[in-house]
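Secondary and tertiary structure notes
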Amino acid sequence: MDKSDAVNVQTENVPVIDLNLTINENPVKLQVEPTARLVDILRDELQLTGTKISCGIGRCGACSVMIDGQLVNACLTMAYQADQTSITTIEGVSRDQEIDPIQKAFLEEGGFQCGYCTPGMVMAVKVLLEEVPVPTEEDIKMALSGNLCRCTGYGGIIRAVQRMAAENSEVR
Amino acid sequence: MVNEHEPLMSGKPPTLPVPTKVWRPSDLSEAWEVKRQYGTEARYITGGTLIQLQREQGTPLAKHLISLDKINVLEGFDHLEDEGQFKLRIGALTTLSDCHRNVFIEEYWPILAEAIRHVASPAVRNRATIGGNVCYQVGDVIPALMVLEAEAVSFDGTTYLSNDIATYIQLINGEDHPILASISLPEPPVSAQVLSFFKKVGRREAFIPSIVTVACQGCINESGEVEYIRLAAGGGTASPKRLYECERFVQNKVLIEEDLGRLYEMVLQEYVPASDPFTTADYRKTVAANVIVSEFEKLIQ
């Protein structure tokens, strides 16, 4: 028996489930292991690579997505937990080829450098602004407490969110 | 080609992941039966945030995961009336976010809201459940639940049991431990002045495992006497504990500066945390004593 055969024998018995969900408003059907991580399904099965993998334990927020309107870590979500849900990833926030105003604010306020954390940050900010359109700095820090950035020092990120808050305040 | 009886790599033979089957029972009796059937090969799961963390750290998933997420009675809040006192029942599957948003918890049991606010991040709290935090045995909400004298209601296959939180945490160590169904919060005591706080100390400001968590719920009467006091401390890998000796020392006293020195010594004596590679038990004791005494000092001032 060669090495690859040995591995194949073990994987034959892996149970799979039918996963039905909506991703960025498109219905999706897949057969996956029930304990597969959502982040792997998004990236490997659906090529939605905007959602990033970093810590794998829910500490860094790089894999943040929305499930039924709530912010969650895709690395902490197993496939069976995502069944029959509606998921929004960073690919789903732009409309008609236009980037989301939050993304624009990040660009214009220097809210990123390497950009690896940015998709997760944008998702966290999107949820925050839907719940609290004009957040305080304390609200912003709390909402982003699960999203780590190793480049910017957070100044530009917080400025970007405050800019959105100011715009929302004017609209109100 | 590799001989079938030879290891594929030098050193230990490879460990291949065991396929995991997920069960989703619709009631507690079914969940109990699946656990009985598969014993140590099965594990209950709710939000799954801890299990995923452990998987990433190298602990393989159980061969059978029994997800409780389809058991509707385990979700949400109920108001109960018991001998003229009201209680809030929180289903074990209720997420920490939902608990944090609950207006009754915010108004009547604010230290629980404060404790929850310090658990992980908003995204994790959207999945993590209050039952999962208790069953973790070292969760940060446990000291708050202890001083609020919360009850753990669990199901042992035939009947529902009611225990204080500390007792339930001990039950979890048994193989056929009862399934946590809900947490009941009794009506908080009323007094001229409420003394309550929850403090978490970690290695950075937010989203970090605790070094020490301290919770207190107390009442001061119009004469300035402490007429009711509950204190608990936790943090690290040791299960949180009530500080009964410290409570007895403070009870019925009008606290003065000299009492605080004695209280400091008593916390050092009574609180028994664990050491880990980052933090010694002595350091944790000192932090707990400092935090508790500084909060009582504010009361005197």
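With an unreviewed UniProt entry as reference, chain B is termed FAD binding domain-containing protein, source organism Halobacillus campisalis.

Identification of chain A as (2Fe-2S)-binding protein from Halobacillus campisalis is taken from an unreviewed UniProt entry.

This brings us to the sheet that holds strand 9 (residues 193-201) of chain B. All names here are of chain B. Strands sit in the order 9-10-11-12 across an open sheet of four strands; the sheet is antiparallel. Two strands lie at the open edges of the sheet, namely strand 9 and strand 12 (238-242), each paired on one side alone. Going across the sheet, the axis of each strand differs from the next one's by a mean of 5°, ignoring polarity. Bridge count between strand 11 (residues 226-235) and strand 12: three bridges; the pairing is antiparallel. Bridging from a neighbouring strand, Ala 232 pairs with Arg 242 of strand 12.

Core analysis: the biggest nonpolar cluster contains 59 residues, and Ile 90, Leu 112, Leu 145, Ile 165 and Leu 185 of chain B have the highest contact counts within it. Membership of the second largest hydrophobic core comes to 28 residues, among which are Leu 195, Phe 197, Cys 216 and Met 266 of chain B.

Sheet strands pair via backbone hydrogen bonds, and the direction of the pair is either parallel or antiparallel. Residue and element names in this part refer to chain B. Read across the sheet, three strands follow the order 1-3-2 without closing on themselves; strand pairing throughout is parallel. Bordering the open sheet on either side are strand 1 (21-23) and strand 2 (42-45), each of which pairs with just one other strand. For this sheet the average axis-to-axis angle between neighbouring strands, irrespective of direction, equals 25°. Examined bridge by bridge, strand 2 and strand 3 (residues 64-67) share four bridges and lie parallel to one another. Considered in strand 3, the bridge of Ile 45 is made with Ser 67. Contacts between helix 1 (residues 28-38) and the sheet are confined to strand 1, strand 2 and strand 3, with strand 2 contributing the most and set at about 150° to the helix. Against the sheet, helix 2 (residues 49-56) contacts strand 2 and strand 3, and its axis sits at roughly 130° relative to strand 2.

What follows covers the packing of aromatic side chains. Pairs of aromatic rings are described using the distance from one ring centre to the other and the angle between the two planes. All names here are of chain B. Counting across every chain of the model gives six aromatic pairs over all chains. Relative to Tyr 38, the ring of Trp 23 lies with its centre 5.6 Å away and its plane at 35°, an arrangement referred to as tilted. Here Tyr 38 lies in helix 1 and Trp 23 lies in strand 1, a separation of 15 residues in the sequence. In this structure Tyr 38 comes out as partly exposed when scored by relative accessible area, which is 23%. Ring centres 5.1 Å apart and planes at 75° place the aromatic pair Phe 86 and Tyr 108 in the edge-to-face group. Here Phe 86 is found in strand 5 (residues 85-91), whereas its partner Tyr 108 is found in helix 4 (residues 103-108), with 22 residues between them in sequence. On the basis of relative accessible area, Phe 86 is assigned to the partly exposed category, the value being 22%. Since its relative accessible area comes to 30%, Tyr 108 is described here as partly exposed. The structure contains a cluster of three or more aromatic residues connected by ring pairs, namely Phe 86, Tyr 108 and Trp 109. Geometry around Trp 23 places Lys 21 over its ring, the cationic atom sitting 4.7 Å from the centre. When the ring centre of Phe 249 is taken as origin, the NZ or CZ atom of Lys 253, which lies over that ring, is 4.1 Å away.

Rules behind the numbers
- Residues take numbers from 1 onward in each chain, read along the sequence in its written order.
- Labels follow written order: the first chain is A, the first ligand is 1, and so on.
- Totals for whole chains, interfaces and linings use every residue, but because this is a predicted model, local features are given only for residues with pLDDT of at least 70 and side-chain atom pairs only at 80 or more, for both listing and counting.
- For side-chain calculations, the full set of non-hydrogen atoms in the structure is used, while hydrogens and water are omitted.
- Should DSSP find at least two bridges between two strands, the strands are taken to pair.
- Strands here are runs of E lasting at least two residues and helices are runs of H or I lasting at least four, both read from the DSSP assignment and numbered beginning at the N terminus.
- In this analysis, axes come from line fits to C-alpha atoms, helices being fitted only over the stretch in contact, and the angle between any two N-to-C directions falls in the range 0 to 180 degrees.
- Residues enter a nonpolar core if they are buried and are Ala, Val, Leu, Ile, Met, Phe, Trp, Tyr or Cys, with the set joined through side-chain atoms within 4.5 Å.
- Burial classes follow relative accessibility: with a 1.4 Å probe on protein chains only, a residue under 20% of its type's maximum area counts as buried, one over 50% as exposed, and anything between as partly exposed.
- Contacts between residues were defined by any pair of non-hydrogen atoms, one from each residue, lying within 4.5 Å.
- In this scheme Phe, Tyr and Trp rings, the latter by its six-membered ring, pair at centre separations within 6.5 Å, and the angle between planes marks the pair as stacked below 30 degrees, edge-to-face above 60, and tilted otherwise.
- Whether a charge lies above a ring is judged from NZ of Lys or CZ of Arg, which has to be within 6 Å of the ring centre and within 35 degrees of the ring normal.

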